[in-house]
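# Chain and residue survey
What follows is each chain in one-letter form.
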Amino acid sequence: MSQYEKSTANTYELSHPDMLEAESAHIFREVAATFERPVLLFSGGKDSVVMLHLAAKAFWPAALPFPVLHIDTGHNFDEVIEFRDRTVERLGLRLIVARVQDDIDAGRVVEETGPRASRNRLQTTTLLRAIREGGFDAVFGGARRDEEKARAKERVFSFRDAEGQWDPRAQRPELWNLYNGRHRRGEHIRVFPLSNWTELDIWTYIAAEGIDLPSLYYAHRRPVVRRDGMLLAHTRFLHLEEGEKPAEATVRFRTVGDATCTGCVESTAATPEQVVTEVAATRVTERGATRADDRISEAGMEDRKREGYF
């Protein structure tokens with residue numbers, strides 16, 4: 001057997017999930033090696049949970065070399081906050097919470113009023129403030145390219161100027177997975193380790209790794225309100241419009257955000273494996289189906305990202 005035949009005989013191909021995991025681990029280690037003050041955005045949503053799980057594996061057996069940051073709208077699902085705190089305690093993480101309420105109280109933002117009021121857009125001001133106050137030069141986010149058209153334009157390393165703004169026309173090339181993190185003081189890089197993952201990839205990985213999630217990602221009974229073709233959870237944060245009446249339904253959430261604008265879907269999927277089967281059959285992204293804030297306009301997400309949104 002030739003030397004070439006010997007070398008190729010000992011090689012093997014990584015599975016698709018293993019390739020995604022290896023790519024994400026490489027991104028985490030690259031940032032830790034080249035940036036001074038990274039931080040990981042952690043909301044307790046499924047993508048941030050998977051991102052945190054990948055980061056923990058990338059640096060194991062060492063502790064996570066950066067803190068986690070939650071942008072708290074004050075309109076959170078109780079299950080998500082309980083899960084966030086339990087996860088932080090279990091992993092011994094350093095949690096930073098930046099509250100939208102603080103920016104409202106300080107007059108930096110003005111809260112919307114009315115039955116459709118939401119604090120979702122106000123998060124941008126709070127996020128940029130937290131980045132400035134923490135001196136963070138790299139911010140890990142759980143966005144994926146399959147979620148929405150504007151996010152499909154992102155690179156893995158996404159440059160933000162001194163105002164925290166994003167210009168889709170000024171994206172840097174990433175040939176051969178070479179990432180350019182060069183920036184001046186005051187600028188920062190948003191880093192998306194899950195860029196090449198899909199919703200199905202996320203759920204397949206959750207099932208394979210046995211990753212714990214907030215309970216509302218699985219089928220459960222709860223009061224909901226039908227509005228604009230969506231099912232919104234009837235929580236203390238949702239103000240009913242004239243003629244609206246809550247009704248019980250068996251639902252689960254595909255994505256989790258501000259409780260005032262995050263919808264759910266009717267579902268009987270109560271395990272990760274059942275969710276995998278359900279997601280494999282759907283043709284609508286989770287944000288397109290369940291996020292009212294993405295329906296503002298065709299360019300709603302892109303407009304918010306230009307301002308500094310996630």
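Structure: above.
In what follows, the accompanying structure is described. (Residues numbered from 1 in each chain as written. Predicted model: local features only at pLDDT ≥ 70, side-chain atom pairs only at ≥ 80, totals over all residues. Heavy atoms only, no water.)

### A word on the packing of helix 3 (residues 46–59) against helix 7 (residues 199–209)
Closest axis-to-axis distance for the helix 3/helix 7 pair is 11 Å, and the angle between their directions is 55°. In terms of orientation, helix 3 lies oblique with respect to helix 7. Once helix 3 is placed against helix 7, the crossing between them reads as left-handed. Only Glu199, Ile202, Trp203, Tyr205, Ile206 and Glu209 of helix 7 make contact with helix 3, whose side of the interface consists of Lys46, Asp47, Val50, His53, Leu54 and Lys57. Of the residues in the contact of helix 3 with helix 7, the class split is 6 nonpolar, 1 polar and 5 charged. (Axes fitted to C-alpha atoms, helices over the stretch in contact; angles between N-to-C directions. Helix = DSSP H or I, 4+ residues; strand = E, 2+ residues; numbered from the N terminus. Parallel < 35°, antiparallel > 145°, perpendicular 65-115°, else oblique. Left-handed = near helix turned anticlockwise from the far one by under 90°. Contact = heavy atoms within 4.5 Å. Nonpolar A, V, L, I, M, F, W, Y, C, P; charged D, E, K, R; others polar.)

### Regarding the packing of aromatic side chains
All chains considered together, the criterion is met by 10 aromatic pairs. Arranged with centres 4.7 Å apart and planes meeting at 45°, the rings of Phe28 and Phe140 form a pair that is tilted. You can see Phe28 sitting in helix 2 (residues 16–34) and its partner Phe140 sitting in strand 4 (residues 138–140), a full 112 residues away along the chain. For the residue pair Phe28 and Phe140, the accessibility class agrees, reading buried in each case. Geometrically, the ring pair formed by Trp197 and Tyr205 is edge-to-face, given 5.2 Å between the ring centres and 90° between the ring planes. The exposure class of Tyr205 is buried, given its relative accessible area of 4%. (Phe/Tyr/Trp six-rings, centres within 6.5 Å; stacked < 30°, edge-to-face > 60°. Buried < 20%, exposed > 50% of the residue type's maximum accessible area, 1.4 Å probe, protein only.)

### As for unusual backbone geometry
Excluding glycine, most residues fall at negative phi; most peptide bonds, likewise, are trans. Across the junction of Trp60 and Pro61, the peptide omega takes the value 10°, indicating a cis bond. Mapped onto the fold, Pro61 is located in the loop between helix 3 and strand 2 (68–72). The backbone of Trp176 shows a phi angle near 55°, a positive value even though the residue is not glycine. Take Trp176: it is sitting in the loop between strand 5 (157–160) and strand 6 (188–191). Under the relative-accessibility criterion, Trp176 is labelled exposed at 76%. For Asp228, which is not glycine, the phi torsion reads 55° and is therefore positive.

### Structural notes on helix 4 (residues 78–91)
With 14 residues, helix 4 extends 20 Å from end C-alpha to end C-alpha; this agrees with the ideal 20 Å at 1.5 Å per step. Within helix 4 the residues assigned to the buried category are Val80, Phe83, Arg84, Thr87 and Val88. For helix 4, the arc enclosing every buried residue in end-on projection is 130°, short of the 170-degree limit, so these residues lie on one face. Across helix 4 from its buried face, at more than 90 degrees, point the exposed residues Glu89 and Arg90. Considering only its buried residues, helix 4 is in contact with helix 3, strand 2 and strand 3 (95–99). Following helix 4 by one or two positions, Gly92 has its phi on the positive side, about 65°. (Expected span 1.5 Å × (residues − 1). Arc of directions from axis to C-beta.)

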